[in-house]
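Descriptive analysis of the structure
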Amino acid sequence: MPNPFNRSVIEEFRAHQGKVAGPFEGQDLLLLTTTGARSGAERTTPLGYVRHRGTPLVVASNLGSARHPGWYHNLLAHPRVRVELGADTFEALAVPTEGRAREELFAHVLRVAPGYGAYQDRTARPLPVVRLEPAGPDARQAPGEVRTLAGKILEVHTWLRAQLVDLSTETEAHFAARAAWNGQGAPPKPALGLQIRRRCLDFCQALRFHHTGEDEHVFPGTLHHHPHLAGTFERLRAEHRTVARLQGDLVALLDGLENLDPERFRIGLARMTAELTAHFDHEEAVLLPLLEEVPWPPPRG
């Protein structure tokens, strides 16, 4: 349960589509809803934010306290969060940054909002900088932005391709940290525990949902109007099964990431990326021209 002041800010934020008077007037403010690390209950917190290349960043400053704020501990345990930004609400993956990435983003935050420098001066702990990355391809889609089923499929494919790039970047950072380890103390663990594996699982779930939707809805509906594509759709379904198997292999690799041979993981990821990219390319070439006239979202009734 938020304290009375936060509760009043939350109510005003929601009543006026993100606009709040008083000490927050004119500031960039969002509402972050996390899941309690111990309680499992939802907790909503008003936070200032800074954008970096379109992605909201929040800083776990806690006004310069020696301790991290409660919402930060919550997202370490449950990285899937809900973000309210203006009149929009979307699910996000909270990705805390570390090392050079954190330093660069904190420098960006200070250029936009210098007040965080005073909070950093009050404490010896580096203030965590957290990226709030949309957890799905339509998480922040503006109304009417995608008007056809072809556009929706292309949007999903683009988002899933980006997830593979992010996964590669994060695992390479972990491997670099392991390679630089001098043998003193415990070897470095994946950044913030299970962050990398959680991100992969989020990606894998989204891909599975996308393929199930195509197999059960898009393909049968299109086949009704284009029966000559029966063989093409059967090939695409077979590719979906292959991708599902590769996903399972990749998740199994990530389960043992702390002791995993980097080259073994790179081979597995490269194989999945190549097959998935080829599948997307083929699907887009075959399906998109047929679906350009199909409206999205589908009409009701």
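Just so we're clear, the structure is a prediction, and the values are computed from it rather than from any experiment. (Residues numbered from 1 in each chain as written. Predicted model: local features only at pLDDT ≥ 70, side-chain atom pairs only at ≥ 80, totals over all residues. Heavy atoms only, no water.)

1. Details of the overall build of the chain
Within the chain, the secondary structure is distributed over eight helices and seven strands. Counting only C-alpha atoms, the chain reaches 70 × 55 × 35 Å along its principal axes. Evaluated residue by residue, the chain yields a buried proportion of 42% over its 301 residues. Excluding contacts between residues fewer than 6 apart, the proportion of contacts in the chain whose partners are at least 24 apart in sequence is 69%. (Helix = DSSP H or I, 4+ residues; strand = E, 2+ residues; numbered from the N terminus. Buried < 20%, exposed > 50% of the residue type's maximum accessible area, 1.4 Å probe, protein only. Contact = heavy atoms within 4.5 Å.)

2. A closer look at the sheet that holds strand β5 (residues 80–85)
Read from one edge to the other, the open sheet built from seven strands follows the order β2-β1-β5-β6-β7-β4-β3, with strand pairing classed as antiparallel. Looking at the sheet topology across the chains shown, the edges are occupied by β2 (42–48) and β3 (50–52). For this sheet the average axis-to-axis angle between neighbouring strands, irrespective of direction, equals 35°. Pairing of β3 with strand β4 (residues 55–59) involves three bridges; the strand directions are antiparallel. When the sheet's bridge partners are listed, Arg51 is paired in β4 with Pro56. (Pairing = 2+ DSSP bridges. Axes fitted to C-alpha atoms, helices over the stretch in contact; angles between N-to-C directions.)

3. Details of the pairing of β5
In this structure, strand β1 (residues 29–35) lies alongside β5, joined through three bridges in antiparallel fashion. Looking at β5, one finds that Thr33 is bridged to Arg82. As judged from the six bridges shared by β5 and strand β6 (residues 88–96), these two strands associate in the antiparallel manner. The residue bridging Arg80 from the neighbouring strand is Leu93, located in β6. Here β5 hands over to β6 after two residues, with Gly86 in that stretch at a positive phi of 65°.

4. Digging into helix α8 (residues 262–291)
Since the α-helix packs 3.6 residues into each turn, any two residues three or four apart lie on the same face. Across its 30 residues, α8 extends 41 Å between first and last C-alpha, which sits within 8% of the 44 Å expected from 1.5 Å per residue. Roughly 35° is the biggest bend found in α8, and it falls at Glu284. (Expected span 1.5 Å × (residues − 1). Bend = angle between axes of the 7 residues up to and from the residue.)

5. So, the side chain of Glu214
With respect to the secondary-structure elements, Glu214 resides in helix α6 (residues 195–225). The side chain of Glu214 is buried and forms no salt bridge, while Arg237, the nearest opposite charge, is found at 9.3 Å. Not counting residues within four places of it along the chain, the set of residues in contact with Glu214 comprises Ile153, His157, Phe219, Pro220, His240 and Glu283. (Lys, Arg positive; Asp, Glu negative; His and termini not counted. Salt bridge = Lys/Arg side-chain N within 4 Å of Asp/Glu carboxyl O.)

6. Some remarks on the pattern of salt bridges
Going through the model one piece at a time under the given rule, you end up with twelve salt bridges. With its nearest N and O atoms 3.3 Å apart, the salt bridge here joins Arg82 to Glu42. Taken as a pair, Arg82 in strand β5 and Glu42 in strand β2 lie far apart in primary sequence, 40 residues in all. Residue Arg82 is classed as partly exposed on the basis of its relative accessible area of 21%. On the basis of relative accessibility, which here comes to 53%, the residue Glu42 falls in the exposed class. The residue Arg235 makes a salt bridge to Glu239 at a minimum N-O spacing of 2.8 Å. Here the residue Arg235 and the residue Glu239 both occupy positions in helix α7 (residues 230–255), the gap between them amounting to four residues, near one helical turn.

7. Re the nonpolar core
Grouped together as the largest cluster of nonpolar side chains are 24 residues, with contacts concentrated most on Leu160, Phe203, Leu207, Leu250 and Phe265. Those elements that place two or more of their residues in this core are α5 (149–179), α6, α7 and α8. Ignoring any residue separated from it by four or fewer positions in sequence, one finds Phe203 in contact with Leu160, Gln163, Leu164, Met272 and Leu276. Listed in part, the 17 residues of the second largest apolar core include Leu30, Tyr49, Tyr72 and Leu132. (Core = buried A, V, L, I, M, F, W, Y, C linked by side-chain atoms within 4.5 Å.)

8. Focus: unusual backbone geometry
Of note in the backbone geometry, Arg53 takes a positive phi value of approximately 55° without being a glycine. Assignment of secondary structure puts Arg53 in the loop between β3 and β4. Unusually for a residue other than glycine, Asn62 sits at a positive phi of about 50°. Relative to the helices and strands, Asn62 is located in the loop between β4 and α2 (70–77). Residue Asn62 is classed as partly exposed on the basis of its relative accessible area of 32%.

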